[in-house]
Structures are given as C-alpha cells and as structure tokens.
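Read off the chains here:
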Amino acid sequence: MTSRRAKRARTDDLAIQTFNLTKTFNGLVAVDGIELNIKRGELFALLGPNGAGKTTTINMLCCLLKPSKGTAQIMGYDILKQPFKIKEIIGVAPQETAISEHLNPQENMNLIGKIHSVKSPELKIRSKQLLETMGLEARARDQVRKFSGGMKRRLNIMMALIHNPKVIFLDEPTLGLDPQARRAIWEYITQLKKEKTILLTTHYMDEADFLADRIGIMDEGKIVALGTSQELKASTQEKNTMIVSARDLTPKVIEEVRKRYAEVSITGDTMLITDSKLDFREIVDRLQSAGATVRSAHIKELTLEDVFLNLTGKELRE
Amino acid sequence: MRVWELCKRNLKETYRDPVGMGFLLGFPLVFMLLFGAIFSGDTTENLAVGVVDKDNTPTSQAFVSEALTKVSVLKVISYDDADTARKDLTFGELDAYVVIPSGFSEQVFQNWQGEKADITLEMTYDESDVMVSEQLISIINAVARAFARIETPLTIDANPIHIETEITYVDFIGPGIIIFGLLILIPTSARPIVRDKEKGFMSRLLTTPTRPLDFILGYSLYMLVIAIAQIIIFIVLARLLGMDIVGNFWLAFLVFFLAGLCSIGVGMVIASLSKSENQAEPMAWLISMPLAMLSGCWFSIEMMPQYLRYLAYAFPYAHAIDAARGVLIRGVGMEAINSDFLFLIGWTVVIFAIGIVLFRRSMRS
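Residues numbered from 1 in each chain as written. Chains lettered and ligands numbered in written order. Predicted model: local features only at pLDDT ≥ 70, side-chain atom pairs only at ≥ 80, totals over all residues.

Within chain A, the regular secondary structure consists of 12 helices and 15 strands. With respect to the principal axes defined by its C-alpha atoms, chain A has extents near 75 × 50 × 45 Å. Taken over 318 residues, chain A has a buried fraction of 41%. In chain A, once contacts between residues fewer than 6 apart in sequence are set aside, the share between residues at least 24 apart is 71%. (Helix = DSSP H or I, 4+ residues; strand = E, 2+ residues; numbered from the N terminus. Buried ≥ 20, exposed ≤ 12 C-beta atoms within 10 Å, placed from the backbone. Contact = placed C-beta atoms within 7 Å.)

Okay, the sheet that holds strand β7 (residues 90-93) of chain A next. All names here are of chain A. With respect to topology, 6 strands assemble into an open sheet ordered β7-β8-β9-β4-β10-β11, the strand pairing being mixed. Strands at the two margins of the open sheet, each flanked by one partner only, are β7 and β11 (222-227). The sheet shows a mean angle of 15° between the axes of neighbouring strands, direction not considered. Pairing analysis gives 5 bridges linking strand β8 (residues 167-171) to strand β9 (residues 197-202), with the strands arranged parallel. Of the residues in β9, the one forming a bridge with D171 is T201. Lying over the sheet, helix α6 (residues 149-161) contacts β7 and β8, oriented at roughly 170° with respect to β7. (Pairing = 2+ DSSP bridges. Axes fitted to C-alpha atoms, helices over the stretch in contact; angles between N-to-C directions.)

Residues and elements named next belong to chain A. Even without a glycine there, the phi angle at C63 is positive, about 65°. As for its position among the elements, C63 is in the loop between α2 (54-61) and β5 (69-74). In the Ramachandran plot, S117 falls in the positive-phi region, its phi being about 55° despite a non-glycine side chain. One can find S117 in the loop between α4 (105-115) and α5 (120-133).

As a further point, take the domain arrangement of chain B. All names here are of chain B. Assigned domains within chain B: domain 1 (2-39 + 171-363) and domain 2 (44-167). Opposite the 8 residues of domain 1 that make contact, domain 2 presents 9 residues. Tallied by class, the residues present in the side of domain 1 that touches domain 2 amount to 4 nonpolar, 1 polar and 3 charged. (Domains from an automatic or database assignment. Nonpolar A, V, L, I, M, F, W, Y, C, P; charged D, E, K, R; others polar.)

Looking now at the sheet that holds strand β14 (residues 270-275) of chain A. Residue and element names in this part refer to chain A. Ordered in space as β13-β14-β12-β15, the 4 strands form an open sheet in which the pairing is antiparallel. Edge strands, defined here as strands with exactly one partner in the open sheet, are β13 (263-267) and β15 (293-300). Strand-to-strand twist across the sheet, computed as the mean angle between neighbouring axes with direction ignored, equals 20°. Across 7 bridges, strand β12 (residues 240-247) lies against β15 in antiparallel orientation. What sits directly across from R247, in β15, is T293. Against the sheet, helix α11 (residues 280-289) touches β12, β14 and β15, its axis set at about 155° to β15.

Below you can see the structure in the form of structure tokens.
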C-alpha cells in the first residue's frame, strides 16, 4: 500500500495528464502530440482559433474519440483502458448545447443525474442549488425549446455538474452569447474554480484571461505556448503603446520624446509612443516640462490577442 | 434503470411534440385511408367476370354461387362455352373470364380432406388493363384459396352455405397495408437516434457511464411503444374499412409486432450507418419503399417473376403478410404459419445483433 502510494505520489496532484496525445483524421493531423499536465483544482484554458484542435483534444479526454497515438490519464485512469471509470467522474458541457428540447431543465438534469446513479434526495438538493445559482429556478418547469441561447448554455453547463464530477470539461462555454450572458457564466465558473478541476476551451482571449489559472495557446494541433496570462504576455516580443492626447505638440516637444523613445508618431493632437517598456509618469513629466499640455494619456496593454498574433502570425478571431 | 430513464426521455420528447406526433401516427394513417378508399370503394359491381363451368359439379357451382358471387366488386356472368366469353371479352363486355376445368371438385375435395392438391383455374383477361387484371388475379386467387382451404363438412351437398368466402378486396389488401405502415417504422425509428446524434445529445450521453446496450434498449423500448400503438390503430382502422378478422386476433397482432421489431432493427442499423438526418432519411425510404412493393403490400407477389419472389422472401415482410393473411382471412392457427413465424423471429434476432455491433462501433470512432 505504502509503496504503491509512493509510486503514484508524483502524479497524485495531477488531474489531467496527456502523453503525446495525437489524433489524425484521414491523414490530417488535428491534434499533434500534446503533452499537458493539469493540476487538481486548476482551471486550465485551451485558447486558440477554430480548427486548432481544442474540441478534438477534449473529445479524446472524455473518451468520445480514440487517439491515433499516445494516451492520457484523468485522475489516474487511462482513457484507453478505463473509459467507464473516467465517465463516472467527469462532467462535460459540449460545444453544441446538447439538451433535450422537449424536457424542462429539471428533467434534463434528472436524466443525467439518474444515469450517474445519483440518489433522488441528493439530486433534488443539487438541482435546486444549480437552478438558483444559474438563475433558472423560475423556468425549471418550462420546456427548454422556448429558452434563449444564454439559458440553454447555462443549462448545458448545469447538466455537466449535476452529478458532482471531479473533473469538468467546458467546450466553448460562452460561444455566441451576448456580453451580459457571458458575464453570468464567467461568474459561475469562477465560483466553481475553488473546488473542481476545469478544462475549458475558448477562442475568446478575454475569457481565457479572466478565468484561467493557466492558458495553453493552441494552433494547428500543437500547444504553442503555455503559462499564466502574465507569463505569456511577458514572453512576447510585442511592444506596448502609449496614447497621449496633448496641446502644443511642438517640434521641440517631439524631439524631447524621441531622445528616449525611438518609435513616436503624431497625428494632430495625438501622439503614439511604442516601446517594450513604457514609464507612464516619466513620459507625462517629459511632455509637460517640454511645454506641452497633456489632456489625457493611457497605455494600451498587451492582450493575449497580441501574444497569439506574435506566436502564429495569425489573428485569433475569424 | 438507465434504459428506463432513456426510454422515458424519448417518450416525453415524442408526446410533447404534437406536430411530430401527428406525423408519426398520421402519415401511415393517410396511406391506409387512401388505399382503403381506393380498394374498398362503394360495393358496386365494377368488374365483369365470365365463368365457364366445365366441371359442373355441386362444388364448382357452390364456388361460383357462394364464393365468387359474394365478392362485392365482381359481377359474375355465367357462360356455356369459352368462345362466347372470349368474344365478349374482346368487345369489352367482360374484364376477364374464368374457366373451371373438370376435376376441380376433386382437387378441392382433396384439400378439404387435408391433402395438398393443386387447384387450377383458367383465367383469360385483357392484359392491356394492368391494374384491373392484377386486381382480378389477386381476388380470384384469394377466393379460390379461401374456398379450398376452409374447413367444411366433407360433402358439399350437406352444407354448402357454411362456406365463408365473402372476401372483399379490403380483406386481401388489409394485412399488406398494415405491414406497409410498419415499414414506415424504419424511417420513424432511425429518426430520433440520428437526431440525437446530430444535435450532440448522443455525444453528451456517451460521456456518461451509459453502456451501448442501454442506448439500444432505451431507443427500441420506446419505439416498441410507438409500434404497438400504431398496430392497434391500424387494425382498428382496417376493421372499420371492412377487413374481417377470421382468425385469432392476438396471433395476427404477434405477427405484426414481429414485423414492427424488424423495422425498428433496420432503422437502428440505418441510424448507426449515417451521420445526419439528411443521410438517414433518404436511406430509410430507399429501403422501406422498394421493400413495400417487393413484399406485396399492395398486390399479390404471386404475379412477380420468380427471382423477385425469391428476393421478396429473403426479407421478413412478405412472410409477415402471408402469415397475417393466413390468420386474418383464412383463420389459420400457429401450425400453418410457423415457418413464416420462425423466419420473422430469426430476422429480428439477426438484425438486432447487427444493430448492436454497428451501434457499438459508431460510438467510438
């Protein structure tokens, strides 16, 4: 017992582990030898454009697709050898809102709950909780087909959670939603974060930025960068830009700025200063002492969008 | 447990969708009513058939007066010789004429005694009118078979009136049309499975501990409920249209039930082979419609070329129609239909086995 425990000790804090996970469809490589280690309790985001291989990765981890090469473990269970062990402990919210249209939310949740052999009293408590936190309790008895896209997405997530899974997969949880509905879902996912391991995929960089502990940037089947949002931004070659709106931008003022920063451009009353490091205070002081009147100034910080562009030479959004 | 939950969900999906449910029950009903109306008609005598009785025995006379004449769509005219009948046929006064050869009564007599003997009737008809001639062959054939196989007292003189041969076309066509309704179960049972596949609901369930067998039973149990409802509606409707039920109702029901099971199995195989409703729907119709024609839902398959008949009997539906006609029209029991019955059971088992293998395979790609 002790020796077995010792042997597994290294991987005991890992919820998801992939080993050269690969999937090809008719010679086309969709997922290309991914190596991931996701810790228990971590929220990990796979960020990438459509077609990067995110959903294929998730489908393999949920035992829906067989990998062409390599394997993965979920909570120590192998996806090839113990799929039904895994299916008992995971919750999946697929990209298509996979719900039963003529059932109400309660019935949809009951179906999944009973398939997972959740006892009725527990099912009652959990579904009530989920309906409240997701704001659907007023519509618990209405058929789902009348629901808005946002409500369906929320129910889609609720059905992934009803059986209290250890590992949760959310595939594009806010796809096509308005900002308000996205916020609501984000808030709920943030609450979940403390107790569950979550792997989510998204092609919204702000979503990954807001939610994830760590982000894996995916492109053409490969993880091209991995780290926290901060780490990813720090690693890029891209530069920050400061936008200053000021009166009296005389040649003298411009000359003064150029002494320190190479890239400076002027359009009317607006000055753009680009550099990898920008000292806000120092620039404003420099402008003022040269005789300009600064009306407003702000630094446009790097986004994951810029990181992605820098890594792949492509825009993240379609 | 899981099976029951899945079945319950599928049933709810159906009865809470009034339009879908309407199609489910209404579509075959429309066909049935239409065929019923076409073939039952009002009971005016609209097919003129001449009869030349060369046998001229009490049996042959009874065949004419008690069997043929009782068929409401036939107007039977007696002729003394075939030449006159032929002349009237060429002038269009007759649609066909039947010559009862001498020896007919002995052949029938042998059948009544339980010996199998061929009964030959000579029928001449205007082959340019395909529909009428086909209909006539079916009717005369059915009447003759019913007449010969019916259990009656040994001597015809004793009680010729007991011969129950008031066969209408509805009696003959009824079982076929019910089987046709059950062939429509093929697209009907493929549809919900493929829809769940396309909408991603199947994928969601596949990420749960649901086993392949849970799925298959969950869907087929649900389809069985639909099939039973349809069979009851069909039989009631056929009865209202004038179909007689001579034999055991439950035996006929069992035959239809097995045919329904085959359709569910075929539907499941189609669903396993297709990725979307757009693939499954045409595939299902491409199978069910030719099968309906081939199996003799609308006309007797005895007029088909031999090789087509072989093909027809490779599928369960021709057997089901034969068995159902036997039970409903001629009132035969299990012993007379047991080969058809075994074939149906065998086919059901095999198609479900194929369904399970394919379904399992399509679950993990």
